[in-house]
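Analysis of the macromolecular model
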Amino acid sequence: MGFNYLKILIRNLWRNKSFSIVSLSSLSIGMACVVIIALFLQTEWSFDKFHKNANRIYRVTTQVKTASTGEIRHYATTMPPIAPSLKAEYDQVEEAIRCRRSDNHIIAYDDKRFNENNVLYVDSGFLKIFSFPLKYGAASTALKSPNSVVLSEAMASKYFGNEDPIGKILKDDSVSWQVTGVMEPIPVSSHLQPDFLVSFDTWKIPVGYPVTLESWTWVTFPTYFLLKEGADVETVKQDMPRFIKKYGGEAVAPLRTFVFQPLTDIYFASELLENATFTTGNKKQSQILTAIAVLILLIGAFNFMTLFSASAVKRTKELGIRKVMGAGRKTLIAQLMGEAVILTMICIPVALVLASVSTGWISAITNFQIQFSYQQLPFAFAVCLCIALLIGLLAG
């Protein structure tokens, strides 16, 4: 019986080539668009969640009040002494680190020289807080010594090719960096995307700067801390006024307020902050894309159901004869529903192929890397399957 239904379906598709091409191609394209948007949204909403201790990591941001005008400015950064002071003051804080982003470095190795703009000076606890596993080197010691550098996999390949990079020396102008580690590829869903992690002790304050690493007026250092397991961040938060007064002084206390951002909130919560130099997202954009995906799905579903219904009307004579021959109402409904589901299922591999070949140039246009690898295939297939079943059952 099922084989006969399949033969009927193939015969009807062949007789109505225009319907077949238009309905299946439009639904396939619609599915592919929804898959691409779904992959984009999956990345957006999963930012920084891959870190092992993501639920215990916070970024310290700073609200600075101008004494003369009362204006308040909110920075994604804070002052250089905050990280070591937090670690020294609170038992709840397991680790705290400061960073300093730096651009326009001329990095050299042998006869290779490149201008690099993604250098991040970090305290030694950086790899303890964040889950950036090393392909080469030991995370516990890689950033402890001055003039140590951990490279991204791309930079290691760029400078050293297939050579073992550990122990090699890179030149940053007159400063030598010794390679102590190479990171595994950093996930796209990380707001931190450094090419060079350099030990913080390597960094020197530029000549002529009227500040020191103890300054409470220099609000340009991204600062993160890892809370101990079981500790309550609210306890630390509520003690901040006393902390600021103790370490910053009576004059500074009324002009500084610290805000703790959970790591997984940073991507969407940084857009309006000053000094937010790392990757940020736009929640409204994600919501608009969600609405567009739903709209595309509705248009594709309406188009397919309309054409399928028109095709079914043409088959009134066939269905009437089958009813006279003893086919019940439920049998006819099941046949039409089965045909609709099979047709939508045919669109799944086509949609997946279209999505796969499109992500590359869409990533180039949007400047946002949309990944479609074997890891994303189950998710993409699940999206298509849900769409196919929903539209197929509704059309039938």
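Coordinates for the structure precede this section.
Structural notes, computed from the coordinates. (Residues numbered from 1 in each chain as written. Predicted model: local features only at pLDDT ≥ 70, side-chain atom pairs only at ≥ 80, totals over all residues. Heavy atoms only, no water.)

1. Brief notes about the overall build of the protein chain
- Scanning the protein chain from N- to C-terminus turns up 11 helices and 13 strands.
- Residues classed as buried in the protein chain amount to 46% of the 396 residues present.
- Taking all contacts inside the protein chain whose residues are at least 6 apart in sequence as the whole, residues at least 24 apart take part in 74%.
- For the protein chain, the accessible area works out to roughly 20200 Å², and carbon and sulfur atoms hold 59% of it. (Helix = DSSP H or I, 4+ residues; strand = E, 2+ residues; numbered from the N terminus. Buried < 20%, exposed > 50% of the residue type's maximum accessible area, 1.4 Å probe, protein only. Contact = heavy atoms within 4.5 Å. Areas by Shrake-Rupley, 256 points an atom, 1.4 Å probe, with all protein chains shown as cover.)

2. Describing the pattern of salt bridges
- Counted under the stated rule, the structure contains 13 salt bridges.
- Residue Arg73 is joined to Glu274 by a salt bridge in which the shortest nitrogen-to-oxygen separation is 2.7 Å. With Arg73 in strand S2 (residues 72-75) and Glu274 in the loop between strand S13 (256-262) and helix H8 (283-314), this pair connects stretches of sequence that are 201 residues apart.
- Note that Arg242 and Asp239 form a salt bridge whose closest N and O atoms lie 2.7 Å from each other.
- By relative accessible area, Arg242 is classed as partly exposed at 39%.
- One salt-bridge network, held together by shared partners, links Glu89, Asp239, Arg242 and Lys246. (Salt bridge = Lys/Arg side-chain N within 4 Å of Asp/Glu carboxyl O.)

3. Describing the environment of Leu377
- For Leu377, the position within the fold is in helix H11 (residues 377-395).
- Given the relative accessible area of 35%, Leu377 is considered partly exposed.
- Put simply, Leu377 and Leu39 are 338 residues apart on the chain and 9.9 Å apart in space, counted from C-alpha to C-alpha.
- Setting aside its immediate chain neighbours within four residues, Leu377 contacts Leu352 and Phe372.

4. Side note on helix H5 (residues 153-160)
- When we look at burial in H5, the residues that qualify are Met155, Ala156, Tyr159 and Phe160. When H5 is viewed along its axis, its buried side chains cluster within an angular range of 100° and face the same direction.
- Tucked into the core, H5 has its buried residues touching strand S4 (105-109), strand S5 (112-116), strand S8 (148-151), strand S9 (169-172), strand S10 (175-183) and strand S11 (196-199).
- Of the residues one or two after H5, Gly161 is the one with positive phi, at around 60°. (Arc of directions from axis to C-beta.)

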